[in-house]
Amino acid sequence: MYMYYLLAWKLKNEIQHDTPEHQHSIVQKTFILALDGDSNFRPRAVLQLVDLMKRDKKVGAACGRIHPIGTGPMVWYQKFEYATGHWFQKAAEHVFGCVLCSPGCFSLFRANAIMSPNVMSKYTVNATTPKEYLQCDQGEDRWLCTLMLKQGFRIEYCAASDAKTYSPESLHEFFNQRRRWMPSTIANNFDLIMDGKLFVAQNETFSWLYIAYQSALFCISLIAPSIVILLLTGACASAVPAVSYRLPFDYTKLIIY
């Protein structure tokens, strides 16, 4: 939010006496690089994002491929999670429709997209309901991208642009991070599904087939924890059959058949 005010002040002082065409051109060519304090990247990675943004003026944000670094078992798990949930999923979103989130640890945003009236005006509003708290305050980067997508901007993923960031090394830190990320993702995905007609009408990269794809992923994410519990329970029942788990029916047969 503060960067938005600084950007508006700087552009106003520099181009206030220029022609409207030149002002629009300057805003289109102005970008903001969002980083975490511990992000590590090379200049070439930023140039690749800039080249991607310059190809199409409708690209409001672009993100690179994030590599988690650190030590310990939690970091090992997150390396696998980033490979499946970040690299593969964003590549699939890029092919099927549009990337939904440009993470704040390494992303490039177009000033024109951020300064759109219906983007920053809604982004800076304080949350007053539980839904707004989950959607707006728990994942600020995802909420900003949702607002940009509603205005017709696209979000691109560049797998050739690599960056590294330190990931949580303890279970407590990891739990606190995902306690923010997961509710925000679910809330924004639910908003995407409920406002599917608006997204399809405003954004050319969205289709009803892509909305159906995101709806399927949304349902899977909701039932995934219960499936894991069923698998663990069935495995324990098979490994130690003498222990009574007070199951209402035979989960092992459900899993096998």
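To be clear, the structure that these remarks concern was listed above.
Overview of the structure. (Residues numbered from 1 in each chain as written. Predicted model: local features only at pLDDT ≥ 70, side-chain atom pairs only at ≥ 80, totals over all residues. Heavy atoms only, no water.)

**Description of empty space enclosed by the protein**
(1) Moving on: Throughout the structure, instances matching the rule amount to 1 cavity of 30 Å³ or more.
(2) Moving on: Estimates place the volume of the largest cavity at around 50 Å³.
(3) Moving on: Leu100, Arg142, Thr146, Leu149, Asn188, Leu192, Phe199 and Phe206 are the residues that line the largest cavity.
(4) Moving on: For the lining of the largest cavity, the elements supplying multiple residues, two or more each, are α8 (140-150) and α9 (171-194).
(5) Moving on: Looking at the lining of the largest cavity element by element, the count peaks at 3 residues for α8.
(6) Moving on: Tallied by class, the residues present in the lining of the largest cavity amount to 5 nonpolar, 2 polar and 1 charged. (1 Å grid on protein atoms, 1.4 Å probe; cavity = no way out; pocket = protein on both sides within 12 Å on 5 of 7 lines; lining within 4 Å. Points joined across faces, edges and corners; volume = space filled by probe spheres on them. Helix = DSSP H or I, 4+ residues; strand = E, 2+ residues; numbered from the N terminus. Nonpolar A, V, L, I, M, F, W, Y, C, P; charged D, E, K, R; others polar.)

**Examining the pattern of salt bridges**
(1) Moving on: Under the counting rule described, the total for this entry stands at 7 salt bridges.
(2) Moving on: Its salt-bridge partner being Arg154, residue Asp56 comes within 2.8 Å of it at the nearest N-O pair. Taken together, the positions of Asp56 in the loop between α3 (43-55) and β3 (59-69) and Arg154 in strand β5 (residues 154-166) put the pair 98 residues apart, joining distant regions of the chain.
(3) Moving on: Since its relative accessible area comes to 13%, Arg154 is described here as buried.
(4) Moving on: Across the salt bridge formed by Glu156 and Arg154, the nearest N and O atoms sit 2.8 Å from each other.
(5) Moving on: The class for Glu156 is buried, based on a relative accessible area of 8%.
(6) Moving on: When salt bridges that share partners are traced, they join Asp56, Arg154, Glu156 and Glu204 into one network. (Salt bridge = Lys/Arg side-chain N within 4 Å of Asp/Glu carboxyl O. Buried < 20%, exposed > 50% of the residue type's maximum accessible area, 1.4 Å probe, protein only.)

**Regarding the sheet that holds β3**
(1) Moving on: Ordered in space as β1-β4-β3-β5-β2, the 5 strands form an open sheet in which the pairing is mixed. Sheet topology places β1 (31-35) and β2 (40-41) at the edges, where each strand pairs with a single neighbour. (Pairing = 2+ DSSP bridges.)

**Observations concerning the state of the cysteines**
(1) Moving on: Tallied over the full model, the rule gives 0 disulfides.
(2) Moving on: In this model Cys101 remains outside any disulfide bridge; the closest cysteine sulfur is found in Cys145, 4.9 Å from its own.
(3) Moving on: What makes Cys101 buried here is its relative accessible area of 16%.
(4) Moving on: With relative accessibility at 0%, the residue Cys145 sits in the buried group. (Disulfide = S-S within 2.5 Å.)

**What about the nonpolar core?**
(1) Moving on: The biggest cluster of nonpolar side chains holds 27 residues, and the ones touching the most others in it are Leu100, Phe109, Met148, Leu149, Ile155, Leu192 and Phe206.
(2) Moving on: Looking at this core, the elements that each hand over two or more residues are β1, β3, α5 (111-114), α6 (117-123), α8, β5 and α11 (208-239).
(3) Moving on: The leading source of residues in this core is α8, at 6 residues.
(4) Moving on: With residues up to four places along the chain from it excluded, the contact list for Phe109 reads Thr30, Phe31, Ile32, Ala34, Met53, Gly60, Ala61, Ser102, Ile114, Leu144, Cys145 and Met148.
(5) Moving on: Listed in part, the 15 residues of the second largest apolar core include Val46, Val50, Leu108 and Cys158. (Core = buried A, V, L, I, M, F, W, Y, C linked by side-chain atoms within 4.5 Å. Contact = heavy atoms within 4.5 Å.)

**Digging into the side chain of Gln135**
(1) Moving on: One can find Gln135 in helix α7 (residues 130-137).
(2) Moving on: The exposure class assigned to Gln135 is buried, which follows from its relative accessible area of 3%.
(3) Moving on: Separated by 3.4 Å, the side chains of Gln135 and Asn188 make a polar contact.
(4) Moving on: Contact partners of Gln135, with chain neighbours within four places excluded, come to Trp143, Ser184, Ala187, Asn188 and Asp191. (Polar contact = N/O pair within 3.5 Å; in protein donor to acceptor, adjacent residues only side chain to side chain.)

**As for a nonpolar patch on the surface**
(1) Moving on: Residues Ile186, Leu222, Ile223, Ile227 and Leu231 make up a contiguous nonpolar surface patch of roughly 410 Å² in combined accessible area.
(2) Moving on: Here the element with the most residues in the nonpolar patch is α11; it accounts for 4 residues.
(3) Moving on: For Ile186, the position within the fold is in helix α9. (Patch = residues over 30% accessible without salt bridge, like charges linked within 9 Å, V, L, I, M, F, W, Y side chains within 5 Å. Areas by Shrake-Rupley, 256 points an atom, 1.4 Å probe, with all protein chains shown as cover.)

**Looking at the layout of surface pockets**
(1) Moving on: Empty space within the second largest pocket amounts to approximately 230 Å³.
(2) Moving on: Taken together, Asn40, Phe41, Arg42, Arg44, Ala45, Gln48, His67, Ala160, Asp162, Ala163 and Lys164 make up the lining of the second largest pocket.
(3) Moving on: The element best represented in the lining of the second largest pocket is β5, accounting for 4 residues.

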